[in-house]
Amino acid sequence: MTDNLVEQIAKLKRELNAIILAHNYQRGEVQDIADLTGDSLELSRKAAETDADVIVFCGVHFMAETAKILSPDKTVLLPDEEAGCPMADMITAKQLEQEKVKYPGVQVVCYVNSTAAVKAGSDICCTSANAVQVVESMDKKRPILFVPDQYLGHFAMRKTNREMHLWPGYCPTHMKIGVEDVARQRALYPEAKVLVHPECRPDVIDAADEALSTGGIIRYAGSYQGNHLIIGTETGILHRLRKENPSVEYVPVTKRGLCPNMKLITLEKVLWSMEELKPQIDLPEDVRMRALTAVERMLAL
Ligand code: 13P
Ligand code: SF4
């Protein structure tokens, strides 16, 4: 059954001149049919440069939206339109405008986990892979507002020594990872390094050895010399880690780190979406153009 699905998807991919992009948190079988599996930054770069006519985005809504911002003439499909990111929905464009008024001369850095309308009201975008670099590039004389993830903002603030106003958003999945989970796994695997995502709470980041984007975690594992790595992020990443660097044993900090939205995309939905050419991502052109400025400023760094 799965083989049949995979064959049908491959056939349609050729007919449509489509590219399939998958985030590192996708189900293993979805990652396996993708042309590229990666973190938000890697996927955005690919969406910007591809010459495919159709982008099938296996991830969550803001990721497919970013692809559309960068490639307006392409058909961008999100195989389940319910696959959203709760953190991205923790600030609206209206709330952002109200917050900006509080800090005259403010420059807004928005995490890519945000809606296109919020990006449109921001000066520059960032991902977990380049948040520190983006914050460092900001005008030192003007205040910075970082939205919507307070924890990534806090992480970048500490790394750069820059003060920022932080919007109180967070990722419900990474919130489930606690310091006690890190301590428990460290006791079981004392020689292992602990890698977490910067969306984790500051006490968890302090208890870890490194806080890295999902792409950073994959690269770290590629040159790791030890036997065990303890991984503190969404558990979908374990599939790619085990596939690409099988000599290491990967131990999740906790099995609670699951993003239900990422898991909404299935092979059946990918096939259906390609057959029907829906659900498509569509954006008002004025919003897209303003959001593009923020995304392009990030990609130019
Ligand atoms: P990355 O950009 O590190 O892949 O993170 C995306 C995300 O949604 C993390 O929860
Ligand atoms: Fe959003 Fe968290 Fe899921 Fe990433 S893991 S898509 S930040 S809810």
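All residue numbers refer to position in the chain's written sequence, counted from 1. The naming scheme follows written order: chains are lettered A onward, ligands numbered 1 onward. Residue-level local features of this predicted model are given only where pLDDT is at least 70; pairs of side-chain atoms are given and counted only at 80 or more, and the full residue set underlies all totals for whole chains, interfaces and linings. Calculation of side-chain values draws on the structure's entire complement of heavy atoms; hydrogens and water are dropped beforehand.

Sorry if this is basic, but what is going on with the side chain of Asp 181 here?
A helix here means a DSSP run of H or I that spans at least four residues, while a strand means a run of E at least two residues long, and both kinds are numbered starting from the N terminus. Structurally, the position occupied by Asp 181 is in helix H10 (residues 179-188). Throughout, exposure labels follow a simple rule: accessible area from a 1.4 Å probe, protein chains only, divided by the maximum for the residue type, with under 20% read as buried, over 50% as exposed, and the rest as partly exposed. Among the residues examined, Asp 181 registers a relative accessible area of 2% and is labelled buried. Under the rule applied, a polar contact is a pair of N or O atoms within 3.5 Å (in protein, one hydrogen donor and one hydrogen acceptor; residues adjacent in sequence only if both atoms are side-chain atoms). Among the polar contacts listed, one links the side chain of Asp 181 to the side chain of Arg 256, at a separation of 2.9 Å. Note on definitions: a residue-residue contact is assigned when non-hydrogen atoms from the two residues lie within 4.5 Å. When residues no more than four places from it in sequence are discounted, the contact partners of Asp 181 are Lys 176, Val 253, Thr 254 and Arg 256.

How should the packing of aromatic side chains be read in this particular structure?
Centre distance and the angle of the planes are the two values used to describe a pair of aromatic rings. Here is the rule: rings of Phe, Tyr and Trp (six-membered ring for Trp) pair when centre to centre is within 6.5 Å. Planes less than 30 degrees apart are stacked, more than 60 are edge-to-face, and the remainder are tilted. On inspection of all chains with the given rule, the structure shows 1 aromatic pair. Residues Tyr 220 and Tyr 224 carry aromatic rings whose centres are separated by 6.0 Å and whose planes lie at 35° to one another, so their mutual orientation is tilted. Given the relative accessible area of 14%, Tyr 224 is considered buried.

What am I meant to see in empty space enclosed by the protein here?
Space left empty within the atom packing is revealed by a probe, the size of a water molecule, rolled over the atoms. In the cavity and pocket records, a cavity denotes points on a 1 Å grid over the protein atoms alone where a 1.4 Å probe fits but cannot get out, a pocket denotes an open set with protein on both sides within 12 Å along at least 5 of 7 lines, and lining residues are residues with an atom within 4 Å of a point. Grid points are joined across faces, edges and corners, and a volume is the space filled by probe spheres set on the points. Taken as a whole, this structure holds 1 cavity of 30 Å³ or more when the rule is applied. Each pocket or cavity is described by its volume, and for the largest cavity that value is around 40 Å³. Taken together, Ser 40, Leu 43, Ser 44, Ala 47, Phe 57, Met 63, Thr 66, Ala 67 and Val 112 make up the lining of the largest cavity. Looking at the lining of the largest cavity, the elements with two or more residues in it are helix H3 (40-49) and helix H4 (61-70). Counting residues per element, the lining of the largest cavity draws most heavily on H3, which supplies 4 residues. The class makeup of the residues in the lining of the largest cavity is 6 nonpolar, 3 polar and no charged. The residue classification treats Ala, Val, Leu, Ile, Met, Phe, Trp, Tyr, Cys and Pro as nonpolar and Asp, Glu, Lys and Arg as charged. All others, Gly included, are polar.

What is the right way to read the sheet that holds strand E8 (residues 165-166) from this model?
Whenever strands of a sheet pair, they do so through backbone hydrogen bonds, lying parallel or antiparallel. Within the open sheet, the 4 strands sit side by side as E6-E5-E7-E8. Their pairing is parallel. Looking at which strands have only one partner, the edges of the open sheet turn out to be strand E6 (124-126) and E8. One requirement defines pairing of two strands: DSSP has to find at least two bridges between them. Here strand E7 (residues 144-147) pairs with E8 via 2 bridges, running parallel. Bridge assignment links Phe 146 to a residue of E8, and that residue is Leu 166.

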